[in-house]
Amino acid sequence: MESDAEKLHIFLFPFMASGHMIPMIDIARLFAARGTKSTIISTPLNALHIQESIDGDKNSGLDIGVQVIPFLCVEAGLPKGCENTDSITSPEMFMNFFKACDMLQQPFEKLLEEHHPDCVVSDMFFTWTTDAAKKYRIPRIVFHGICNFTQCARKNIERFAPQEKVELGSEIFVVPGLPDKIEMTKSQFPLWHDETKSNMMDTLIQKTEVTSFGVLVNSFYEMEPAYAEYYKKDMERRAWNIGPVSLYNRNSTSKAQRGKKAAIDENYCISWLNSKKPNSVLYVSFGSLYRISTSQMHEIAMGLEASAISFIWVVRGTNDKEQYSLPEGFENRMEGRGLIIREWAPQVLILDHPAVGGFMTHCGWNSTFEGITAGVPLITWPLFAEQFYNEKLVTKVLKTGIESGNKLWKLTMEPDCVQVTKEKIQEVVTQLMGNGIEAKDMRRRAKEVGEMAKRAVVKGGSSYNDLTALIEELMANKQKLKR
Ligand code: UDP
């Protein structure tokens, strides 16, 4: 057995949002399961949140822990206790949240000085961690939480600016230089896409990809080989594909406890699903952050009702009323056929159940990849961030999903906003869940990709080997520095 001094010690520093923390915690576990010591750095409330599940990991023998650093929310103009993007309700709060994140630098450096880990894996938003780690001769690895395809498409949009050659938001242009023909429209990007501020952040993030030790990608080679190569060769990034990281969670308890505490008893959820036929249930969720408008919630409800399909729908409070805005009597009418879960569902547990045959998703990368990994075809409904790229990966590269039709990037939805009508929802749901040739083909392809994903993480698989290669390189680096 290795002594503590010989063991690799990895610091993992996630951005404080569910979509960033969840995969990073899985990565911490993956490292620890391969014999390293993993320390997750987080702020007091977030640390409190994850402590119980980390204690569980410790009890099962992993060398894993949490180090807390203060988050100066009030000083940055945020309400007390606002330590996670889940509690952000306005764009101004986002700006202040980033301000408070910048103030983490000093306490973080103090931790580096005290513990001197062998590597820092930190979120892309913490660009300053590259230089902070360099000061102590510690390699920093960037974690974006997105796939190779999206990295490459995003880069080529920036490099070749094809959007500048079209006038209307709805005009189609081809993203140049990619292995596949990928068409997009200007409306699928934020309005501020060309403005200096976001570009400055993007530029900084990309610069740190090059100046850091490398990039960890939550993907696996066989899913997107052309893009994994493109990212390394054309974009000259050092990258390790180690996903799907969600597959670290193998039993129902760890699947159910990912992220927050679910608003439904996991056993009830499983027995509900057990009562359904294989591939007959559609899972509907729009992630951990986004709030769907009241009008859109009603359209979804009516579309689902008209489709006659069984479903599980995770509803979050709407942005205007902070209430679960469902049509009158809807839940009663759907009893037995539709299960409504408020705020937080045990997503991976649900997706992995054989009764689930489709996933309507907002295309956040974690959700998209969890759906792909479960071997389930998707209905893509991108909303914001890089989600429109993820949609293209699914519908045009993997061909394991169909588009809901939303083409409008929107950070928030006005109360009366309807992006997809009930008729369209009914149409795509019945198409995806039906027995048409296209649906059957999609289901078969989705299953194949899901199986590939599972093979990638077992001993000898591509993701397993990439993690081995990284650990060996970090170990060699540690030895070199000792000399
Ligand atoms: N998630 C979950 N239950 C929910 C909503 C979300 O477990 O009810 C998890 C989901 O499995 C994924 C993450 O939260 O791992 C959401 O990340 P994603 O990148 O999909 O979207 P975001 O929430 O960042 O928009």
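The shown structure was predicted, so the numbers you read here are calculated from the model rather than taken from an experiment.

Glancing now at the sheet that holds strand β2 (residues 37-42). With respect to topology, seven strands assemble into an open sheet ordered β3-β2-β1-β4-β5-β8-β9, the strand pairing being parallel. The open sheet has two edge strands, β3 (64-68) and β9 (239-241), and neither has a second partner. With strand direction ignored, the average angle separating the axes of adjacent strands in the sheet is 25°. Of the strands in this sheet, β2 and β3 are in contact with helix α2 (residues 44-59), which crosses β3 at around 165°.

Take the domain arrangement of the chain next. Structurally, the chain comprises domain 1 (9-162 + 193-247 + 455-482) and domain 2 (251-454). On a C-alpha basis, the centres of domain 1 and domain 2 stand 27 Å from each other. Only α1 (18-33), α6 (148-160) and α17 (437-457) provide two or more residues apiece to the side of domain 1 that touches domain 2.

For the rest of this paragraph, the subject is the confidence of the model for the chain. Averaged over every residue, the pLDDT of the chain is 93; residues scoring 70 or more account for 96%. Complex prediction metrics read pTM 0.96 and ipTM 1.00.

Moving on to the site of the ligand. Taken together, 19 residues surround the ligand, and among them Gly19, Gly287, Ser288, Gly364 and Ser367 come closest. Sorting the residues of the shell around the ligand by element identifies α1, α13 (347-351) and α14 (365-373) as the ones contributing at least two each. Sort the elements by how many residues they give to the shell around the ligand and α14 lands first, with four residues. Of the residues contributing to the shell around the ligand, the split by class is seven nonpolar, ten polar and two charged. Split by domain, the shell around the ligand shows at least three residues from each of two domains, domain 1 (9-162 + 193-247 + 455-482) and domain 2 (251-454).

This part takes up the packing of α6 against helix α15 (residues 387-398). Running from amino to carboxyl end, α6 crosses α15 at an angle of 115°, the nearest separation of the two axes being 9 Å. The angle between the axes of α6 and α15 places the two elements in the roughly perpendicular class. Note that α6 runs across α15; the crossing there is right-handed. Here α6 contributes Phe149, Thr150, Ala153 and Arg154 to the contact with α15, which in turn contributes Tyr389, Asn390, Lys392, Leu393 and Val397. For the contact of α6 with α15, the per-class residue count stands at five nonpolar, two polar and two charged.

Turning our attention to the sheet that holds strand β15 (residues 401-403). A sheet is described by the order of its strands in space; here six strands give the open sequence β12-β11-β10-β13-β14-β15, paired in parallel fashion. Two strands in the sheet have a free side with no partner beyond their single neighbour: β12 (338-342) and β15. Each strand axis lies, on average, 15° off the axis of its neighbour in the sheet, ignoring direction. Pairing geometry for strand β10 (residues 281-285) and strand β13 (residues 356-361), over five bridges, is parallel. What sits directly across from Leu282, in β13, is Gly358.

Definitions and cut-offs
Residues numbered from 1 in each chain as written. Predicted model: local features only at pLDDT ≥ 70, side-chain atom pairs only at ≥ 80, totals over all residues. Pairing = 2+ DSSP bridges. Helix = DSSP H or I, 4+ residues; strand = E, 2+ residues; numbered from the N terminus. Axes fitted to C-alpha atoms, helices over the stretch in contact; angles between N-to-C directions. Contact = placed C-beta atoms within 7 Å. Domains from an automatic or database assignment. pLDDT = per-residue confidence, 0-100. Near = placed C-beta within 6 Å. Nonpolar A, V, L, I, M, F, W, Y, C, P; charged D, E, K, R; others polar. Parallel < 35°, antiparallel > 145°, perpendicular 65-115°, else oblique. Left-handed = near helix turned anticlockwise from the far one by under 90°.

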